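# Residue-level structure breakdown
Read off the chains here:
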Amino acid sequence: MGTPACTKTQVLQLEDAKAKARRLSNEGVTLAEAERWWAAIGRWNAALALTPEDHTIHEMLAQAYMQVGEVFPSLSAAEEAVRLCPNWWVGLQTLGRAQMGLGEVAQAVKTFSRAAHICPDQQELWREDLQWAVGLLKKYQEVEADREKQIAAAKESGKEVPEFPVPSVEGSIRERSIQMYQIQKQREAVEAGDPTLIERGKTIDPSKMVRMRVT
């Protein structure tokens, strides 16, 4: 017996949807490379409407949202990427960075640690993300410990409890993003044997951090 016409139609529609989603995803990549973040976000959201289970699009979307300062959508997209593909270290890395953007440093340490456990050979996770998060968490813990001591001392003396500054997450993220991209470009230059890539990597905008994956 032949395949029912309705089934053939459904298969063709599914294939058309995947092809359109792939085209939209690739258009988003091109737009993001041109730093047209909102246009890229629009393409990727359109692609997800057709293929909502594509974890790679969710992950790229999370990165783009980070670039435009939309921390909550970034976290949501990264969480969805990890939900769809729990053992993908790239998704976990992006989720950790989104958590850092929200100041969830302790949670980010756990996420980066999980990513590093899945992909222990990925030195960027150890040297850049995890070390960065652990260092910032240590600063928070030191500030909190000092604050508790000051509160206890103030209560004993009857003085007003002073306020203490919190380490800047936003500034740390920008600085670290620039450093990570410079390292990334220098690594690419070594692999490609192209010294001009090294020169371009010396003065770079952190918005170029998005790791695009053209399918």
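Let me sum up the structure you'll find in this document. (Residues numbered from 1 in each chain as written. Predicted model: local features only at pLDDT ≥ 70, side-chain atom pairs only at ≥ 80, totals over all residues. Heavy atoms only, no water.)

As a further point, take the environment of Ala81. Turning to its location among the elements, Ala81 is positioned in helix α4 (residues 71-84). Sequence separation of Ala81 and Asp54 is 27 residues, and the distance between their C-alpha atoms is 7.9 Å. With sequence-adjacent residues up to four places away left out, Ala81 is seen in contact with His55, His58 and Glu59. (Helix = DSSP H or I, 4+ residues; strand = E, 2+ residues; numbered from the N terminus. Contact = heavy atoms within 4.5 Å.)

Let us look at the side chain of Gln99. Within the element layout of this structure, Gln99 appears in helix α5 (residues 89-101). According to the relative accessible area criterion, Gln99 is buried, its value standing at 5%. (Buried < 20%, exposed > 50% of the residue type's maximum accessible area, 1.4 Å probe, protein only.)

A complete count under the given rule lists five salt bridges for this structure. In this structure, Arg97 and Asp129 form a salt bridge, with 2.8 Å as the shortest nitrogen-oxygen distance. Here Arg97 is found in helix α5, whereas its partner Asp129 is found in helix α7 (residues 123-157), with 32 residues between them in sequence. Taking the relative accessible area as the measure of exposure, Asp129 reaches 0% and is therefore buried. (Salt bridge = Lys/Arg side-chain N within 4 Å of Asp/Glu carboxyl O.)

Further remarks concern helix α2 (residues 37-50). Here α2 spans 20 Å end to end across 14 residues, near enough to the 20 Å set by a 1.5 Å rise per residue. Among all positions in α2, only Trp37, Ala40, Ile41, Trp44, Ala47 and Leu48 are buried. Down the axis of α2, the smallest arc covering the buried residues is 125 degrees, so these residues share one side. (Expected span 1.5 Å × (residues − 1). Arc of directions from axis to C-beta.)

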